[in-house]
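Structural features, examined
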Amino acid sequence: MEAIKLSYRVLFSLEFTLEGYRDDINQYLKLVPDKASDEQISEYDLLYRKQKSASVFLAEVEPDGAAQGIPFVPPAEEAVFRFQVKFQDQNFFARTHLASYDFVNQVLVLSNEVNHIEGTQLLLSRPVESYDSSKEYKKGYLARLGSNFFKAIRESNVADAHPVTDTAYWKSIPDGSFVSQADLQTRTPSLDLDTVMVIDIRHSSTLPAAYQLLDASSKCKEVLFKIKFLTNS
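Residues numbered from 1 in each chain as written. Predicted model: local features only at pLDDT ≥ 70, side-chain atom pairs only at ≥ 80, totals over all residues. Heavy atoms only, no water.

Points about the side chain of Ser177
The test is simple: Runs of H or I in DSSP of at least four residues are treated as helices and runs of E of at least two as strands, each being numbered from the N terminus. Any residue under 20% of the maximum accessible area for its type is buried, any over 50% is exposed, and the rest in between are partly exposed; the area is computed with a 1.4 Å probe on protein chains only. Two N or O atoms count as a polar contact when they lie within 3.5 Å, although within protein this holds only if one can serve as hydrogen donor and the other as acceptor, and sequence-adjacent residues are included solely when both atoms are side-chain atoms. Residue contacts follow a heavy-atom distance rule, with two residues in contact if any of their heavy atoms lie within 4.5 Å.
Relative to the helices and strands, Ser177 is located in the loop between β11 (170–173) and β12 (184–186). Here Ser177 falls in the buried class, since its relative accessible area comes to 1%. A polar contact of 2.4 Å, which involves the side chain of Ser177, links it to the side chain of Asp175. At 2.8 Å, the side chain of Ser177 forms a polar contact with the side chain of Lys228. Ignoring anything within four residues of it in the chain, the contact list for Ser177 reads Glu118, Gln121, Leu123, Ser125 and Lys228.

Focus: the sheet that holds strand β8 (residues 121–123)
Selection criterion: Strand pairing follows a simple DSSP-based rule, namely that at least 2 bridges must link the two strands. Interaxial angles span 0 to 180 degrees and are taken between N-to-C directions of axes, which are lines fitted to C-alpha atoms, for helices over the stretch in contact.
Ordered in space as β3-β4-β1-β14-β8-β7, the six strands form an open sheet in which the pairing is mixed. With partners counted over all chains shown, the strands left at the sheet margins are β3 (46–51) and β7 (116–118), one partner each. Recorded for the sheet is a direction-independent mean angle of 30 degrees between the axes of neighbouring strands.

Quick notes on the pairing of strand β6 (residues 106–111)
Across the six residues that make up β6, a large majority, five, are buried. In terms of strand pairing, β6 meets β12 through three bridges, oriented antiparallel. Note that in β12 the partner of Gln106 across the bridge is Thr186.

Concerning the environment of Ser111
For Ser111, the location among the structural elements is in strand β6. In sequence terms Ser111 and Phe12 are 99 residues apart; their C-alpha atoms lie 13 Å from each other. In this structure the side chain of Ser111 is engaged in a polar contact, spanning 3.0 Å, whose partner is the backbone nitrogen of Glu113.

On their own, these measurements won't tell you what the molecule is for.
Laid out in structure tokens, this is it:
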């Protein structure tokens, strides 16, 4: 009898991190595909697995030969995998810089279309925006001044503006690789009320090369996308 060979490679991974936290974050988060994405996961024969603080989607691929690493059922061009992210533990959520964001009217929207790379990290969040004294800053909002980044530790607005140099209102942070208010969009009725974040992963040959799921030979690149939170301090 001829042996059956099965081989899988990562199509993409979503890794969550919290500044200074070393344990598994999966226990606090729930990743829910929408109906179309759930159907696509089945259609493309993807396996879903969890690793430490990460959700991993694997495709069955050709096990050897010139086609090694090519998915048996490749995703269609412009296919989108959409997930709603929910915090299952409110105590953990309160530890993040997102705790004061308005998630009644808004939701964070992250995507592999952003082309936001910090060092070797492929981020799904948009770059942190420059400080603007005409804008409102809630606690936990982020701002940039030149090459330096800051987190609001008190609220300010156009009527009571405080520059990022005011240490009573702002705290210096190491870099601009974190989710911020730049990712907020108006909440739509199709989203669950407890959803705080929507993640779109698009398969497209028109995306920046680093963010594509397959390489020029249609082989899995095993890309790892990061979503980073700051501590609420």
